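# Chains, contacts and geometry: an overview
What follows is the residue order along each chain.
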Amino acid sequence: MTFEPLLNAPIAVQFHVATVLPAAVLGAVLLARRKGTPAHRLLGKIWLVLMVVTSFSTFFIHDLKTVGNFSPIHLLSIYVIVGSIPAIRAARRGDIRAHRAQVAGMYFGGIVVAGLFTLVPHRVMGAIIFDGASGFVSGVAAALVCVLLVAAGALAIREAGWLERFETFRRR
């Protein structure tokens, strides 16, 4: 494991990592802890700002060029930016179910799914974790990252209420 790829990366990538890592941790804390408290509201606002800033920063990163300078990951950024508006509106009108589904979906797409894309070979985060390490250390790092992403994904799915919707559909 080496931080050299991040230190040598463009400033847009460094900025993106500096905003996405706290958003990932804070989002998991918010999803796991008690909701509706003053601390939850304050930390939720901070998380949402981090997510929107992180999403905007992706438009200055053009490593995976699928369509012009953009890639499918940029669609997740648009989803987070646009999705923040109904998330805020739902919370303000007291529609907590809609709010939870929206923010959990943003976390799942913007952190978990996008996080998986960062592990693609020749990307900065993949290089940080896998370059310069022995096969065993790389394997342990990959397993740890996978466990963290699966746990974060499971937490987001639970909080979004997607499992209950699936059960309702399955019963029909």
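Everything quoted here is computed from the prediction, not taken from an experiment.

## Describing the nonpolar core
Among the nonpolar cores identified, the biggest contains 22 residues, and Ala-23, Leu-31, Trp-47, Met-51, Met-106, Tyr-107 and Ile-111 are the most heavily contacted of them. Where this core is concerned, the elements lending two or more residues are helix 2 (11-32), helix 3 (38-57), helix 4 (72-92), helix 5 (96-117) and helix 7 (135-160). Filtering out sequence-adjacent residues up to four positions away, Leu-31 remains in contact with Ala-104, Tyr-107, Leu-155, Ala-156, Arg-158 and Glu-159.

## Describing a nonpolar patch on the surface
There is a patch of nonpolar side chains on the surface, built from Phe-15, Val-49 and Val-53 and spanning about 250 Å² of accessible area. Residue classification places Phe-15 among the partly exposed residues on the basis of a relative accessible area of 42%.

## Some details on the pattern of salt bridges
Throughout the structure, instances matching the rule amount to three salt bridges. Among the ionic pairs, Glu-159 bridges to Lys-35, the shortest N-O distance being 3.5 Å. Remark: Lys-35 occurs in the loop between helix 2 and helix 3 and Glu-159 occurs in helix 7; sequence separation between them is 124 residues. Overall, the relative accessible area of 28% leaves Lys-35 in the partly exposed class. Asp-95 is paired through a salt bridge with Arg-93; the nearest N and O atoms lie 3.5 Å apart.

## Quick word on the layout of surface pockets
A water-sized probe, rolled over the atoms, reveals where empty space remains. Considered as a void within the structure, the largest pocket measures approximately 1,100 Å³ in volume. Taken together, 43 residues line the largest pocket, and the ones lying closest to its centre are Val-20, Leu-21, Gly-115, Thr-118 and Met-125. Looking at the lining of the largest pocket, the elements with two or more residues in it are helix 2, helix 3, helix 4, helix 5, helix 6 (124-130) and helix 7. Looking at the lining of the largest pocket element by element, the count peaks at eight residues for helix 2. Size it by volume and the second largest pocket reaches roughly 640 Å³. What lines the second largest pocket is a set of 22 residues, among which His-40, Arg-41, Gly-44, Ala-91 and His-99 lie closest to the centre. Broken down by secondary-structure element, the contributors of at least two residues to the lining of the second largest pocket are helix 2, helix 3, helix 4 and helix 5. Element by element, the count of residues in the lining of the second largest pocket is highest for helix 3, at seven residues. Split into classes, the residues belonging to the lining of the second largest pocket amount to eleven nonpolar, five polar and six charged.

## Focus: the side chain of Ser-77
Assignment of secondary structure puts Ser-77 in helix 4. Overall, Ser-77 belongs to the buried group, its relative accessible area being 4%. At a separation of 2.7 Å, a polar atom in the side chain of Ser-77 contacts the side chain of Thr-58.

## Describing helix 3
Between its first and last C-alpha atoms helix 3 spans 29 Å; for 20 residues at 1.5 Å apiece the expected length is 28 Å, and the two agree. Residues His-40, Trp-47, Leu-48, Leu-50, Met-51, Val-52, Thr-54, Ser-55 and Ser-57 constitute the buried set of helix 3. Tucked inside the fold, the buried residues of helix 3 contact helix 2, helix 4 and helix 5.

About the cut-offs
- Counting from 1, residues in each chain are numbered in the order their sequence is written.
- Residues qualify for local features only when their pLDDT is at least 70, as the model is predicted, and side-chain atom pairs are given and counted only at 80 or more; totals for whole chains, interfaces and linings, by contrast, use all residues.
- By convention in this description, side-chain values take in all heavy atoms of the structure and omit both hydrogens and water.
- Here, nonpolar core refers to any group of buried Ala, Val, Leu, Ile, Met, Phe, Trp, Tyr and Cys residues whose side-chain atoms link them within 4.5 Å.
- Buried means the residue's accessible area, taken with a 1.4 Å probe over protein chains only, is under 20% of the maximum for its type, while exposed means over 50%, and partly exposed covers the values in between.
- Put simply, DSSP H or I for four residues or longer makes a helix, DSSP E for two residues or longer makes a strand, and each gets a number counted from the N terminus.
- Whether two residues are in contact is decided by their heavy atoms, any of which lying within 4.5 Å being enough.
- Patch building starts from residues that exceed 30% relative accessible area and form no salt bridge, then joins like charges within 9 Å and nonpolar side chains (Val, Leu, Ile, Met, Phe, Trp, Tyr) within 5 Å.
- Per-residue accessibility takes into account occlusion by the displayed protein chains alone, with areas from the Shrake-Rupley method and a 1.4 Å probe.
- Criterion for a salt bridge: a side-chain nitrogen of Lys or Arg within 4 Å of a carboxyl oxygen of Asp or Glu.
- The distinction between a cavity and a pocket rests on a 1 Å grid over the protein atoms alone: a 1.4 Å probe fits inside a cavity but cannot get out, while a pocket stays open yet meets protein on both sides within 12 Å along at least five of seven lines, and a residue with an atom within 4 Å of a point counts as lining.
- Grid points are joined across faces, edges and corners, and a volume is the space filled by probe spheres set on the points.
- As a working rule, the residues Ala, Val, Leu, Ile, Met, Phe, Trp, Tyr, Cys and Pro are called nonpolar, Asp, Glu, Lys and Arg charged, and the rest polar, with Gly in that last group.
- Any pair of N or O atoms that falls within 3.5 Å is considered a polar contact. Within protein, one atom must be able to donate a hydrogen and the other to accept it, and sequence-neighbouring residues count only if both atoms are side-chain atoms.
- To estimate the expected span of a helix, subtract one from its residue number and multiply by 1.5 Å.

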